[in-house]
Amino acid sequence: MTEPDVTMARIGRGVELGRRGEREAARELFSALWEEIGATGDPLHRCALAHSMADVQDEVKEELLWDLRALEAADLVTDERARQAGVAGPASGFYPSLHLNLGDAYRRLGDLDRARDHLERGRAAVGALGDDGYGRMIRQGLERLADRLTT
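Cut-offs and rules
Residues numbered from 1 in each chain as written. Predicted model: local features only at pLDDT ≥ 70, side-chain atom pairs only at ≥ 80, totals over all residues. Heavy atoms only, no water. Salt bridge = Lys/Arg side-chain N within 4 Å of Asp/Glu carboxyl O. Helix = DSSP H or I, 4+ residues; strand = E, 2+ residues; numbered from the N terminus. Buried < 20%, exposed > 50% of the residue type's maximum accessible area, 1.4 Å probe, protein only. Core = buried A, V, L, I, M, F, W, Y, C linked by side-chain atoms within 4.5 Å. Contact = heavy atoms within 4.5 Å. Axes fitted to C-alpha atoms, helices over the stretch in contact; angles between N-to-C directions. Left-handed = near helix turned anticlockwise from the far one by under 90°. Nonpolar A, V, L, I, M, F, W, Y, C, P; charged D, E, K, R; others polar. Expected span 1.5 Å × (residues − 1). Phe/Tyr/Trp six-rings, centres within 6.5 Å; stacked < 30°, edge-to-face > 60°.

Would you mind showing me how to read the pattern of salt bridges here?
Pairs can form between side chains of opposite charge once their charged atoms are near each other. Within this structure, the stated rule accounts for 18 salt bridges. A salt bridge links E36 to R10; its shortest N-O distance comes to 2.8 Å. Of this pair, E36 sits in helix α2 (residues 23-37) while R10 sits in helix α1 (residues 6-19), and the two are 26 residues apart along the sequence. A residue is classified by how much of its surface remains accessible, and R10, at 21% relative accessible area, is partly exposed. A salt bridge links E80 to R83; the nearest nitrogen and oxygen atoms lie 2.6 Å apart.

Here it is, written out as structure tokens:
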């Protein structure tokens, strides 16, 4: 059995704050964690934190910057590291959601070429997801993004 990952638990608390509508409190917690982790800290922590921080931004440009940080960190996360932190699937399972969020942010900013690129990258990566609620949610999100990009 692996030791509990305290940083991931703290990120989870921030996610819960955001879900409850306490976006400012979530941003404050995430900012403090980012200061602790640093831009060169554990890639899994950076990926999860940046991906979560993006979700509580009020400005699309800020959301995009955080999701780009998450994508950069995801490229450094190994399956072994993800497993140690209790992630159920492979590290490649991070990419569909990251590309979905990036595609949507680019769409909202009017950069439709980049939005389409991330849509295709997300679609190409969905094989890493299970056939469960999370996997279905991301697949449906990619299809909604595709619909928005064609209308």
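Having seen the structure, we can now continue with the description.
Before we go on, may I ask you to explain the nonpolar core in this structure?
Inside soluble globular proteins, nonpolar side chains tend to come together where they are buried. Counting residues in each nonpolar core, the largest one holds 42 residues, and the members touching the most others are F30, L49, F94 and L98. The set of elements that each furnish at least two residues to this core consists of α1, α2, α3 (43-55), α4 (60-74), α6 (95-108), α7 (112-125) and α8 (133-150). Apart from residues no more than four positions distant in its own chain, F30 is found in contact with I11, G14, V15, L49, S52, M53 and V56.

Looking at this structure, how should I read the packing of α3 against α6?
The geometry of a pair of packed helices is captured by two quantities: the angle between their axes and the separation between those axes. The geometry of α3 relative to α6 is characterised by a closest axis approach of 12 Å and an angle of 35° between their N-to-C directions. In this structure, α3 crosses over α6, and the sense of that crossing is left-handed. For the pair α3 and α6, contact is made by C47, H51 and D55 and by S97, L98 and N101, respectively. When the residues that make up the contact of α3 with α6 are grouped by side-chain class, the tally is 2 nonpolar, 3 polar and 1 charged.

Please clarify how α8 should be interpreted in this entry.
Structurally, the α-helix is built with 3.6 residues per turn, so residues lying three or four positions apart point the same way. The first and last C-alpha atoms of α8 sit 26 Å apart over 18 residues, in line with the 26 Å expected at 1.5 Å per residue. Buried residues belonging to α8 abut α6 and α7.

Where do I start with the packing of aromatic side chains in this structure?
For any two aromatic rings, the description comes down to two numbers: the centre-to-centre distance and the angle of the planes. What the rule picks out here adds up to 1 aromatic pair. Both rings, one in W34 and one in W66, keep their centres 5.0 Å apart while their planes meet at 85°; by these two values the pair is edge-to-face. Here W66 lies in helix α4 and W34 lies in helix α2, a separation of 32 residues in the sequence. In terms of burial, W34 and W66 fall into one category: buried.

Shape is all these values report; function is a separate question.
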